[in-house]
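A structural walkthrough
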Amino acid sequence: RARAMRRSFRVLIFWFILFPIWSSSPALSAEALSGEDAGHIRGVIEKQLDALQRDNWTEAFSYAAPFLQEKFGSPDTFRRMIMGGYGIVHRPQTVSFKALEEIGGRPAQNVFMVGPDGKSAMVVYFMEKTPAGAWAISGVSIMPLADQSA
C-alpha cells in the first residue's frame, strides 16, 4: 500500500509539475548544450548528491528549480519527499554518470546508481536553466534495473 502511494505521488509530480513545464517552456536540446553546460549540469547533480550525503537538506533543496522550491515550500518537505520515494539518491553506494540526452525537449542526465539496499536504477535528472542562467534540477525519474553493474 505504501509503495502504491509513493508511485502515485511520483505520477502526480510528473503530471502536475513536470508536464506543464515541458509543454510551456522553450525547449533546449541536449545537442545544443556546450561542453561547459554539460559540466555545469553534472556539477549541480554532484553537489546535490554531496549535500544529501551530509543530510544538508537546505543546500540540497537549493539545487532544485525555482518552481519546485515553490511547490515544496521548504527543505523539510523536500526531505520527506526524498525519504519517501527517492532513497536511492540519499545514500547511493555507486554513482556513475552516463549519457546526457534530450527527453521531452529537456536536457536529461542519466546517472546509474546502486542504492543502500544493493538495488540498481537509472536515475534521470531533468534540468533547466533558471532566469539567472544557472542550471537547476527540475525533476528526477527513477527507473529500477535488473541486477547490473556500472
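The structure this text deals with has already been given above.
The structure reproduced in this document is the subject of the present report. (Residues numbered from 1 in each chain as written. Predicted model: local features only at pLDDT ≥ 70, side-chain atom pairs only at ≥ 80, totals over all residues. Heavy atoms only, no water.)

**As for the environment of Trp-135**
As for its position among the elements, Trp-135 is in strand E4 (residues 135-144). According to the relative accessible area criterion, Trp-135 is buried, its value standing at 7%. In this structure the C-alpha to C-alpha distance between Trp-135 and His-40, which are 95 residues apart in sequence, comes to 6.9 Å. A polar contact is formed between the side chain of Trp-135 and the side chain of Asp-37, at a distance of 3.1 Å. (Helix = DSSP H or I, 4+ residues; strand = E, 2+ residues; numbered from the N terminus. Buried < 20%, exposed > 50% of the residue type's maximum accessible area, 1.4 Å probe, protein only. Polar contact = N/O pair within 3.5 Å; in protein donor to acceptor, adjacent residues only side chain to side chain.)

**Brief notes about the pairing of strand E1 (residues 94-103)**
In terms of strand pairing, E1 meets strand E2 (residues 106-114) through 8 bridges, oriented antiparallel. Note that in E2 the partner of Val-95 across the bridge is Met-113. (Pairing = 2+ DSSP bridges.)

**So, the sheet that holds E4**
Spatially, the 4 strands line up as an open sheet ordered E1-E2-E3-E4, and their pairing is antiparallel. A single partner strand is all that each edge strand has here, and the edge strands are E1 and E4. With strand direction ignored, the average angle separating the axes of adjacent strands in the sheet is 25 degrees. Where strand E3 (residues 120-129) meets E4, 9 bridges bridge the pair, whose relative direction is antiparallel. If you follow Phe-126 over to E4, its bridge partner there is Gly-139. (Axes fitted to C-alpha atoms, helices over the stretch in contact; angles between N-to-C directions.)

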